[in-house]
Every structure is written in C-alpha cells, then in structure tokens.
Amino acid sequence: QVQLVESGGGLVQAGGSLRLSCAASGRTFSNNHMGWFRQAPGKEREFVAAISWAGGRTYYASSVTGRFTISRDNAKNTVYLQMKSLKPEDTAVYYCTLSTILPTDGKGRFGTPAMYDSWGQGTQVTVSS
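Keep in mind it's a predicted model, so treat the numbers as computed, not measured.

(A) Just the overall build of the protein, in detail. Each helix and strand counted, the protein has zero helices and 11 strands in total. The N-to-C order of helical and strand elements in the protein reads β-β-β-β-β-β-β-β-β-β-β. Scaling as 2.2 N^0.38, a compact globule of 129 residues should have a C-alpha radius of gyration of about 14 Å, and the protein matches this with 14 Å. A principal-axis box enclosing the C-alpha atoms of the protein has dimensions of 40 × 30 × 25 Å. Only carbon and sulfur atoms are counted for the fraction: they give 46% of the accessible area of the protein, which is about 6,800 Å². Side-chain charges of the protein comprise 13 positive and 8 negative groups, with the mean position of each set lying 6 Å from the other.

Written out as structure tokens, the structure reads:
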C-alpha cells in the first residue's frame, strides 16, 4: 500500500556531493522509520541511514557517519539523504525503505533487508575516482 520513489542519484567525482530524495505515498505515517540501504555490484544490500518519522532520531552506518545526513519533511512525506565527501566505495544503487520498527541492536547493526517492510526501486549513485 505504501509507495516509495527515490530520486537524485547520478555521477559525481570523489569528494563531491549528492542529495537523494524518497517520496512516500499511500498512507499517513506515524511511529515509523524510513531510511536507506545501498547495494554495490556483487555485494549484499547494506544499511546506510534511518530516521524515526515522529521524533526525527537519526541512525547511521559507521562507514557514512560524518559524511551523510538523513532528514525528513513530515508535510511532504519525504526523506532526504545528503551525501558529502563521496568516495568511490559509496558507488551503489541506493534504496529507500520503510519499517514500523527499526531492527537495531544498539551496537551499530541494523538488521537485514528482510526485516524492513517496503522498498523503492532504487537510484544509482556513481562516484568516480
């Protein structure tokens, strides 16, 4: 019932910036989490960042802490991922996701993709060296 549509991906040089957007539709959000995973060729889909819809608490993978910022606009039902100081290893398809409960263990791990409820189709981010 929930549709997630990502946008903002593209090609950028190392050290550059991009901002991804994810627009959600189909329901009214409350006490949910939205976030981002990414998947590079030949690798598993990995957690990047998440935000609680009501309170705005943010969570980040250690690999992006200090470089990426997740935010949300409640009125627009949209989440953003501002990516700065991009590295070639950030190259991946970035997927927006939604989950009622964020499966974090409080120790820097955020579960597996199967634990999340809804997914967008992804947007490609390519960082050249």
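(B) Spatial organisation of the packing of aromatic side chains. This structure, assessed with the given rule, holds six aromatic pairs. Ring geometry for F37 and W119: centres 5.2 Å apart, planes at 75°, overall edge-to-face. With F37 in strand β4 (residues 33–39) and W119 in strand β10 (residues 118–119), the pair connects residues that are 82 residues apart, well separated along the chain. On the basis of relative accessibility, which here comes to 1%, the residue F37 falls in the buried class. On the basis of relative accessibility, which here comes to 26%, the residue W119 falls in the partly exposed class. Considering the side-chain rings of Y59 and F110, the 6.1 Å spacing of their centres and the 75° angle between planes classify their relative orientation as edge-to-face. Here Y59 is found in strand β6 (residues 58–60), whereas its partner F110 is found in the loop between β9 (92–99) and β10, with 51 residues between them in sequence. Each member of the pair Y59 and F110 is classed as buried. An aromatic cluster of three or more residues is present, and its members are F37, F47, Y59, F110, Y116 and W119. A cation sits over an aromatic face here: R45 above Y95, 3.6 Å from the ring centre. The residue whose ring lies beneath R45 is W119, and the NZ or CZ to ring-centre distance is 4.9 Å.

(C) A look at the environment of I51. Secondary-structure assignment places I51 in strand β5 (residues 46–52). Overall, I51 belongs to the buried group, its relative accessible area being 2%. Ignoring sequence-local partners within four residues, the contact set of I51 consists of N32, H33, M34, G56, R57, T58, I70, S71, R72 and V79.

(D) Region of interest: the side chain of S118. By the element assignment, S118 lies in strand β10. With near-sequence residues (within four places) excluded, S118 lies in contact with V2, L4, C96, T97 and L98.

What counts and what doesn't
- Residues numbered from 1 in each chain as written.
- Predicted model: local features only at pLDDT ≥ 70, side-chain atom pairs only at ≥ 80, totals over all residues.
- Heavy atoms only, no water.
- Helix = DSSP H or I, 4+ residues; strand = E, 2+ residues; numbered from the N terminus.
- Rg over C-alpha atoms; globule rule 2.2 N^0.38 Å.
- Areas by Shrake-Rupley, 256 points an atom, 1.4 Å probe, with all protein chains shown as cover.
- Lys, Arg positive; Asp, Glu negative; His and termini not counted.
- Charge placed at Lys NZ, Arg CZ, Asp CG, Glu CD.
- Phe/Tyr/Trp six-rings, centres within 6.5 Å; stacked < 30°, edge-to-face > 60°.
- Buried < 20%, exposed > 50% of the residue type's maximum accessible area, 1.4 Å probe, protein only.
- Lys NZ or Arg CZ within 6 Å of the ring centre and 35° of its normal.
- Contact = heavy atoms within 4.5 Å.

Remember, this is a structural readout, not a statement about activity or role.
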